[in-house]
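Residue-level structural notes
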Amino acid sequence: MKIGNVSVRNVGSWAGNLMMKHAHPEFPSDVFTIMEAAGAKVTVGTRHVRETVGLVDFLKMGMAGKLILSVEIPAALPNEVFKTYKIMPRAQNAHAYVNAGFRLRLGGQDKMSVMEKPSLVFGGISKTMDHAVATEDFLIGKNLLEDGTLQGALSVLESELKPDDSSLFSPEYRKSLASTLFYKFYLSAVGRDHLTEPVRSALEPLVRPVSRGEQHFQTKESEWPLRKPVPKTSARVQASGEAMYTNDLPQTSGEVCAALVTSTVANCKVGTLDFSQAMEMPGAITCLTAKDIKGENNYNVPFLAPVTPKIEVLSSGEILHAGQPLAVVIADTQSHADAMAQAVKVTYTDLKPPILTIQDAIAAESFHYPVFELVKGDPKGALAAAPHRISGEVSCDSQHHFYMETQACRCAPLEDGMEVQSATQATDFVQNSVAQATGISAHRLYVSVKRLGGGFGGKTLGSLLPAAACAVAAQNVNRPVRLSLNLGTNMEAITKRAPYLLKYEAGFDDDGKLMAVVYNLYEDNGSSPQCAFIPILPAFTDNAYSCPNWQFTGQTCKTHTVPTTMTRAPGLSAVHFFTEHIMEHVAKTLNKDPTDVRRINMFQNGQTTLSGYTLVDCNITTLWDDLLASAQFKQRKQEIEVFNKENRWKKKGLSVVPCRYSAFPGFFRFTVFVAIYHTDGSVVITHGGVEMGQGIDTKVSQVAAATLGVPMETIHVMSTNSLTSPNSSDTGGSVTSELNCQGVLECCRRLNERMDPIRQEMGGSPKWAELINMCHRKGVDLSEKYMEHHPPKSPHPAYNSWGVTCTEVDMDVLTGEREIRRADILFDCGESVNPALDVGQVEGAFVFGLGYWLTEKCVYDKDTGRLLTNGTWEYKPPTTKDIPVDLRVTLLPDAPNPYNVIRSKAVGEPPLLMSCSALFALRQAVQSAREDSGLGDDFFRLDGPATVEVCHQRCLVDSSSFTL
Ligand SMILES: Cc1cc2nc3c(=O)[nH]c(=O)nc-3n(C[C@H](O)[C@H](O)[C@H](O)COP(=O)(O)OP(=O)(O)OC[C@H]3O[C@@H](n4cnc5c(N)ncnc54)[C@H](O)[C@@H]3O)c2cc1C
């Protein structure tokens, strides 16, 4: 069940798998490991000769001109024990950290003696190791129950395990896993009856039952279709595959394709670019460099940075990060263009060691801006006076957006400008960026987007480089050009989430109430500070907790990595996690339940946040108490404590995390256009937001249908574009849906106002089509535009979204594997426009966060700075079997948002903030394992992502303590 997934197992053949192992000995093939442990033999043949060999010999054979014809797996013998194991970074579709297959035959008087040489096979240790030969020899004739056999075998095994560097996973972990898997097998061979109670917990794997979920929400039928839980209007075409994304646009006459040539090295200069071989490739048309850019070689646009930093479309010589585009190649098809890009020969000069981490940047004093500082109260004084003090460091990594649709753009030169169809979250930014790079003025550029196959912030600034490069290509060849990035280039060249590091001190009283926090934050902005979030993060840093004295400093680190960008809850998720980490540290120091420490620190209305905002809409303690009750927290916590005491090798954890998410709609503006056609009374909307799965098109349709009093089918939403929604903000900050809904509401209200006199003339309730026809005949303007924008009166949020999440996990101490048993989320979404969509946003944000906190890890080559986790082979977002087994979402009832005319609240990002509760639940499980080991009752550091590997290592498992 752990190999691939059902569809891979249905189509992939064992022979193909063995051939992959044959070609790549470092591939930890599960099929090879299982078959070899079982003693399988393959028959290999040519037309004339056949040969039957064991699998180890098969790997050494030349296979040119030969086929694998059959496999023979010997039947199990009496008293034979056979077990296989695979430990991997996520639940399915991942290759093993380490896999193992073990077979031995027991006999003798008590049936506990190893009768003949056992088979102990490991994958993932090294290119050369398959059998643990010395351990196999050691075990011959040994009695498994005898003193010394287990420890003797482990000691021999550990001496022959020599993990190499052919894997991205640490040698220490792989070695430890090999021992723990052998231990698990040993216990199985000995049998349950011979084991002490706590040790038995090593026997059973974590078993995942069928997933289930609950969704609880209110709806107001009197307002339908507003607040009705209708499915997304595009759900059917998306599910059937008929929905068109940018790269599905039909090819136009003369259209060609482009690909980026990217650097494989960071922190150097371009030596030479040799296109000769590329130009000989099939379909090659031309190759472009920085010199071919007719406008400015800069795709960046004003965003957060005080002074907009320039970022080159194509390097003019300097290479800041690996993955940086050096050239654009153009061919007749995308695959030819991709092949051309690979054929370009690049040399590099002035190579210097890259700075790749925040720690390196701090050591080298490599920062983009001076330190940002914010002080509330007297943190230094309060810290000195506090009865208890802690200090520490905690960090979290980067994250790819991992949208299903990679970056894509199509640019078609026209007689008077250019049409740009870009998979973007920000048509305005693309217009600006393309205008800059081509020198074509904005009014000659028509930018549009129908929908995105996922965005998560990655197609805001991230869409600018592909759009600018594509436009430069189209301008040069004067033909339509399509640029659709392959996944590898997308992951290496395009922006992603910033890593963060916190160095902190905190002072608190005997109850755990915070008195002072000193919070020194470091943000890794990569090679450009285009998206430096530090100045806005204080608004989120204190989360749901009141502390009178804070010192917040923030530094934007400059590293030789791709510039970082907004990614669903950018930066907010990091500071939120860090503050929760401090809560855990306080609780551990006082030996209190972290849930109690969180509760006593919670905000009340009238208290002031770190950023100076006095709360008026705080309902966190009510939500907290409600969720603890509905999730039966107390009872489950007690059960978990008992379980953890009784089980040495399986642990559970249960954690509750609150969330305050500050919404800043005032920083955004969106232009909405609504028209009613006199022909049949149908209504068309274009709005400034971008549909990327969140259901914005459905929500604006609901608002229009409810306000105009027509069925939903009467409404159609067309592509977002720069003509009818000029100067609109990027879709982000979780407020785009509500702002565009408000814009549509205002347009429809004005249309109603104009139509009402005619309606009255027609008796008050004419048929819709007749009313529209009459309005048209009487010259009523049947279209309306409106820009929804309320400039902020202060730097403070318009309102807050609140929520609480309780997560329970199971963990296998011997491997680090985990299962999220249950998550209960209570979220204040105001009065939802469409609760079905908003529940989907809550679930999606939570699971997006699970990837961030548990499995998604970016690894760079230390020497070149190249991203090594640049594909699905190594980078692991969650799959269907990584989500909570039992996921229960409740939207807070009776909670209209008074600060918004639609009465809803932001939902896209806030629930992600609470997904770190899974990491904190794991922390409790790990804590229990550490205490059992007798080595660690201290507060330990558990950074994000807390991968399977990391969790196992934090458990301080030591094979010398393995017993029966
Ligand atoms: C999403 C995904 C998840 C996966 N997960 C796992 C996993 O968890 N564990 C694991 O071990 N593997 C995993 N794999 C690898 C998978 O098992 C192999 O890709 C698959 O078994 C290959 O079989 P195939 O029939 O598709 O071979 P192909 O890809 O068609 O062939 C592979 C090679 O073998 C050659 N070949 C095929 N049959 C023969 C034959 N009879 N004689 C000689 N040469 C032959 C082909 O010519 C080709 O060179 C995964 C693959 C994918 C795509």
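Residues numbered from 1 in each chain as written. Predicted model: local features only at pLDDT ≥ 70, side-chain atom pairs only at ≥ 80, totals over all residues. Heavy atoms only, no water.

1. Concerning the UniProt feature "domain: FAD-binding PCMH-type" (unreviewed entry) in the chain
Defined as follows: UniProt positions are given in the numbering used here, feature names are shortened, and annotations may be inferred rather than shown by experiment. Elements are defined by DSSP. Helices are runs of H or I of four residues or more, strands are runs of E of two residues or more, and each kind is numbered from the N terminus.
The UniProt record annotates "domain: FAD-binding PCMH-type" (unreviewed entry) at residues 1-78. Counting secondary structure, residues 1-78 comes out at 40% helix and 21% strand; the distance between its end C-alpha atoms is 25 Å.

2. Here's the deal with unusual backbone geometry
Phi is mostly negative for residues that are not glycine, and the peptide bonds are mostly trans. Note the following rule: Summary of the burial criterion: residues with accessible area below 20% of their type's maximum are buried, those above 50% are exposed, and those between are partly exposed, where the area comes from a 1.4 Å probe applied to protein chains only.
A cis geometry characterises the amide bond from Trp224 onward to Pro225, with omega recorded as 10 degrees. Tracing the chain through its elements places Pro225 in the loop between strand S8 (212-216) and helix H8 (235-240). Looking along the chain, the bond that leaves Gly944 and enters Pro945 is cis, with omega of 0 degrees. Mapped onto the elements of the fold, Pro945 is located in the loop between helix H26 (916-933) and helix H27 (948-954). With a phi angle near 70 degrees, Arg227 is a residue other than glycine that sits in the positive phi range. For Arg227, a relative accessible area of 3% translates into the label buried. The backbone of Asn591 shows a phi angle near 60 degrees, a positive value even though the residue is not glycine. Among the secondary structure elements, Asn591 is positioned in the loop between helix H17 (572-590) and helix H18 (594-600). Assessed through its relative accessible area of 67%, Asn591 is described here as exposed.

3. What to know about the packing of H17 against H26
Rules: Every axis in this analysis is a line fitted to C-alpha atoms, fitted for helices over the stretch in contact. Angles between the N-to-C directions lie between 0 and 180 degrees. Orientation categories follow fixed angle ranges, with anything under 35 degrees roughly parallel, anything over 145 roughly antiparallel, 65 to 115 roughly perpendicular, and all other angles oblique. We call a crossing left-handed when the near helix sits turned anticlockwise from the far one by less than a right angle, and right-handed when that turn is clockwise. The contact criterion used is simple: two residues touch if any of their non-hydrogen atoms lie within 4.5 Å. Think of it as three bins: nonpolar holds Ala, Val, Leu, Ile, Met, Phe, Trp, Tyr, Cys and Pro, charged holds Asp, Glu, Lys and Arg, and polar takes everything else, Gly as well.
One way to put it is that H17 packs onto H26 with a least axis distance of 11 Å and a crossing angle of 30 degrees. With respect to their mutual orientation, H17 and H26 come out roughly parallel. In this structure, H17 crosses over H26, and the sense of that crossing is right-handed. Between H17 and H26, the residues in contact are His576, Phe577, Glu580, His581, Glu584 and Lys588 and Cys916, Leu919, Phe920, Arg923, Gln927 and Glu931, respectively. Residues that form the contact of H17 with H26 fall into these classes: four nonpolar, three polar and five charged.

4. Considerations on the pattern of salt bridges
What counts is decided by this rule: By definition, a salt bridge exists where a carboxyl oxygen of Asp or Glu is found within 4 Å of a side-chain nitrogen of Lys or Arg.
For the coordinates displayed, the defined rule picks out 54 salt bridges. With its nearest N and O atoms 3.3 Å apart, the salt bridge here joins Glu80 to Arg103. Taken together, the residues span a long stretch of sequence, with Glu80 in strand S4 (residues 80-87) and Arg103 in strand S5 (residues 98-107) at a distance of 23 residues. What makes Glu80 buried here is its relative accessible area of 18%. Note that Lys652 is salt-bridged to Asp810, the shortest N-O span being 2.8 Å. On the criterion of sequence distance, the pair formed by Lys652 in strand S24 (residues 650-663) and Asp810 in strand S30 (residues 799-812) is long-range, its members being 158 residues apart.

5. Quick notes on the nonpolar core
Quick note on the threshold: Only buried Ala, Val, Leu, Ile, Met, Phe, Trp, Tyr and Cys residues count toward a nonpolar core, and they belong to the same one when joined by side-chain atoms within 4.5 Å.
Formed by 199 residues in total, the largest nonpolar core has its most connected members in Phe122, Tyr519, Leu521 and Phe578. Residues within four places of Phe122 in sequence aside, it is in contact with Val98, Asn99, Ala100, Phe102, Met129, Asp130, Ala132, Leu157 and Ala178. Listed in part, the 33 residues of the second largest apolar core include Val674, Leu708, Val717 and Tyr786.

6. Some thoughts on the sheet that holds S8
Put simply, the rule is: A pair of strands is labelled paired if DSSP reports no fewer than 2 bridges between them.
Sheet architecture is open: five strands sit in the order S8-S32-S31-S30-S24, paired in mixed fashion. Each of the sheet's edge strands pairs with one partner strand only, and the pair in question is S8 and S24. In this sheet, adjacent strand axes meet at a mean angle of 10 degrees when their direction is disregarded. Where S30 meets strand S31 (residues 818-827), nine bridges bridge the pair, whose relative direction is antiparallel. From the neighbouring strand, Glu808 faces S31, where its bridge partner is Arg822. Across the face of the sheet, helix H24 (residues 835-855) comes into contact with S8, S30, S31 and strand S32 (886-891) while running at roughly 130 degrees to S32.

7. Quick notes on helix H20 (residues 633-646)
How we decide: Here the expected span of a helix is defined as 1.5 Å times the quantity of residues minus one. Working note: the arc is built from the helix axis to C-beta atom directions.
Here H20 spans 20 Å end to end across 14 residues, near enough to the 20 Å set by a 1.5 Å rise per residue. Every buried residue of H20 is listed here: Phe633, Arg636, Ile640 and Asn644. End-on view of H20: buried residues confined to an arc of 70 degrees, all on one side of the axis. Pointing more than 90 degrees away from the buried face of H20 are the exposed residues Lys634, Gln638 and Lys645. Elements in contact with the buried residues of H20: H18, helix H19 (620-630), S24, S30, S31 and H26.

8. Quick word on the sheet that holds strand S27 (residues 715-717)
The four strands are arranged S27-S26-S25-S29 in an open sheet whose pairing can be described as mixed. The open sheet has two edge strands with one neighbour each: S27 and strand S29 (783-788). Direction aside, neighbouring strands of the sheet carry axes that sit 20 degrees apart on average. With three bridges joining them, strand S26 (residues 683-686) and S27 adopt parallel strand pairing. Along S27, the bridge assignment pairs Val684 with His716. Running over the sheet, helix H22 (residues 736-761) touches strand S25 (670-676), S26 and S29 and is turned about 145 degrees from S29.

9. Some words on the site of the ligand
Operational definition: Residues are labelled near a given molecule or strand when at least one of their non-hydrogen atoms is within 4 Å of it. In the analysis that follows, any N or O atom pair within 3.5 Å is treated as a polar contact, provided that within protein one partner can donate a hydrogen and the other can accept it, and provided that, for residues neighboring in sequence, both atoms belong to side chains. Note on areas: Shrake-Rupley, 1.4 Å probe, and residue coverage restricted to the protein chains presented here.
The local shell around the ligand holds 21 residues, among which Gly4, Ser13, Asn17, Asp30 and Lys86 are the closest. In this structure, Gly4 approaches the ligand through a main-chain N or O atom, which is 2.8 Å from an oxygen atom. Coverage of the ligand by the protein amounts to 60% of the 970 Å² it exposes when considered alone. Elements with a minimum of two residues in the shell around the ligand: helix H2 (14-23), helix H3 (30-38) and strand S3 (67-72). No other element matches the five residues that H2 contributes to the shell around the ligand. For the shell around the ligand, the class distribution of residues is ten nonpolar, seven polar and four charged.

10. Here we look at the side chain of Glu405
Looking at the secondary structure, you find Glu405 in the loop between strand S16 (388-396) and strand S17 (408-414). At 2.8 Å, the side chain of Glu405 forms a polar contact with the backbone nitrogen of Gly453. Excluding its chain neighbours within four sequence positions, the residues that come into contact with Glu405 are Tyr245, Thr246, Ala423, Leu452, Gly453 and Lys459.

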